[in-house]
Amino acid sequence: GQQVMQIPQYQHVQEGEDFTTYCNSSTTLSNIQWYKQRPGGHPVFLIQLVKSGEVKKQKRLTFQFGEAKKNSSLHITATQTTDVGTYFCAGFLNDYKLSFGAGTTVTVRA
Amino acid sequence: GAGVSQTPSNKVTEKGKYVELRCDPISGHTALYWYRQSLGQGPEFLIYFQGTGAADDSGLPNDRFFAVRPEGSVSTLKIQRTERGDSAMYLCASSPTGSYGYTFGSGTRLTVV
């Protein structure tokens, strides 16, 4: 089973609003990755966080890795229709095996 | 190639039949993975290849599933005696090394009827 939990499962957002999705692991992770899967598409790698407390930004997306390296968050500002999709976090169980969360599916109201 | 290529994109098969799913990774990527994704779920690990050898096949559900990568490039996932519960999207991914971002293919949608 999956060892990485994501909340919420669904996020319905008004266009222009901000939201945050969260990822929690029962174990300490060496690093964490985030992927985006558009409807009908495949997961696309967004970013990797490695250091405790690390924060990285990609335009309107801000990714954070917790101090204990057991949780992570993705914050999107000024949501656009192009942000629609499912966002997965994934943690390495060892040097190579990624365990994916169930994802947060984002829909946007224009 | 420019990306990870998977064929076929869709496969419908009858219960009990044998299927093969092919993955052509990015040239030079030594790490290759097979994942399975059911509707509304995240990808679930099946098997990992480093070069030609299956370094970790702990995610294969049972002995009806088998995968090979004979020359360290193209990989084939083989499913014998398919069951309706095998219906899912089968995703292949590759990366330069083990602990790096994966590049996924577009997947093969398998439907067992």
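We now turn to the structure provided with this report. (Residues numbered from 1 in each chain as written. Chains lettered and ligands numbered in written order. Predicted model: local features only at pLDDT ≥ 70, side-chain atom pairs only at ≥ 80, totals over all residues. Heavy atoms only, no water.)

1. Describing the pairing of strand β4 (residues 32-37) of chain A
Residue and element names in this part refer to chain A. The element β4 is largely enclosed, with a buried count of six among its six residues. Side chains Ile32, Trp34 and Lys36 project from β4 onto one buried face, and the interleaved Gln33, Tyr35 and Gln37 project onto a second face that is buried too. Pairing of β4 with strand β5 (residues 44-49) involves five bridges; the strand directions are antiparallel. Following the sheet pairing, tryptophan 34 is matched in β5 by isoleucine 47. Where β4 and strand β9 (residues 85-92) come together, six bridges link them in antiparallel fashion. (Buried < 20%, exposed > 50% of the residue type's maximum accessible area, 1.4 Å probe, protein only. Helix = DSSP H or I, 4+ residues; strand = E, 2+ residues; numbered from the N terminus. Pairing = 2+ DSSP bridges.)

2. Side note on the state of the cysteines
By the definition in use, this model includes two disulfides over all chains. Paired by a disulfide, cysteine 23 of chain A and cysteine 89 of chain A hold their sulfur atoms 2.0 Å apart. Sign of the S-S torsion, about 80° for the bond between cysteine 23 of chain A and cysteine 89 of chain A, identifies this disulfide as right-handed. Here cysteine 23 of chain A is found in strand β3 (residues 19-25), whereas its partner cysteine 89 of chain A is found in strand β9, with 66 residues between them in sequence. Residue classification places cysteine 23 of chain A among the buried residues on the basis of a relative accessible area of 1%. On the basis of relative accessibility, which here comes to 0%, the residue cysteine 89 of chain A falls in the buried class. Put simply, cysteine 23 of chain B and cysteine 92 of chain B are joined by a disulfide, and their sulfur atoms are 1.9 Å apart. Residues cysteine 23 of chain B and cysteine 92 of chain B are joined by a disulfide whose S-S torsion is about -65°; by sign, that bridge is left-handed. Note that cysteine 23 of chain B is positioned in strand β3 (residues 19-24) and cysteine 92 of chain B in strand β9 (residues 88-95), a separation of 69 residues in sequence. We note that cysteine 23 of chain B, like cysteine 92 of chain B, is buried. (Disulfide = S-S within 2.5 Å.)

3. Digging into unusual backbone geometry
A cis amide bond links isoleucine 7 of chain A with the next residue in sequence, proline 8 of chain A, at an omega value of -5°. Here proline 8 of chain A is to be found in the loop between β1 (4-7) and β2 (10-14). In this structure, proline 8 of chain B follows threonine 7 of chain B across a cis peptide bond, with omega equal to -10°. Counting through the fold element by element, proline 8 of chain B comes out in the loop between β1 (5-7) and β2 (10-13). Located in the positive-phi region is lysine 59 of chain A, a residue other than glycine, with phi close to 50°. If you trace the backbone, lysine 59 of chain A turns up in the loop between β6 (55-58) and β7 (61-65). At alanine 78 of chain A, a position not held by glycine, the phi torsion is positive, near 45°.

4. A closer look at the sheet that holds strand β8 (residues 71-76) of chain A
All names here are of chain A. In space, the five strands of this open sheet follow the order β1-β3-β8-β7-β6, with antiparallel pairing throughout. Looking along the sheet, the strands with just one partner apiece sit at the ends: β1 and β6. Taking each pair of neighbouring strands and ignoring which way they run, the sheet shows an average axis angle of 15°. Relative to β7, β6 runs antiparallel, the two sharing four bridges. What sits directly across from valine 55, in β7, is glutamine 64. (Axes fitted to C-alpha atoms, helices over the stretch in contact; angles between N-to-C directions.)

5. A word on the interface of chain B and chain A
Taken together, the contact between chain B and chain A spans 22 residues of the former and 18 residues of the latter. Carbon and sulfur atoms supply 55% of the area that chain B and chain A bury against each other, a total of about 1500 Å² over both sides. Where chain B touches chain A, the interface holds one salt bridge. Run the count over chain B and chain A and you get nine residue pairs in polar contact (both at pLDDT 80 or more). If you list the elements that add at least two residues to the side of chain B that touches chain A, you get β4 (31-37), β5 (44-50) and β6 (53-56) of chain B. Grouping the amino acids of the side of chain B that touches chain A by side-chain chemistry returns 10 nonpolar, 10 polar and two charged. (Contact = heavy atoms within 4.5 Å. Buried area = accessible area lost by both parts, 1.4 Å probe. Salt bridge = Lys/Arg side-chain N within 4 Å of Asp/Glu carboxyl O. Polar contact = N/O pair within 3.5 Å; in protein donor to acceptor, adjacent residues only side chain to side chain. Nonpolar A, V, L, I, M, F, W, Y, C, P; charged D, E, K, R; others polar.)

6. Here we look at the sheet that holds strand β7 (residues 65-68) of chain B
To summarise the sheet geometry, strands pair through backbone hydrogen bonds and adopt either a parallel or an antiparallel arrangement. Residue and element names in this part refer to chain B. Sheet architecture is open: four strands sit in the order β1-β3-β8-β7, paired in antiparallel fashion. One side of each edge strand has no neighbouring strand; the edge strands of this open sheet are β1 and β7. In this sheet, adjacent strand axes meet at a mean angle of 15° when their direction is disregarded. The sheet contact formed by β1 and β3 spans three bridges and is antiparallel.

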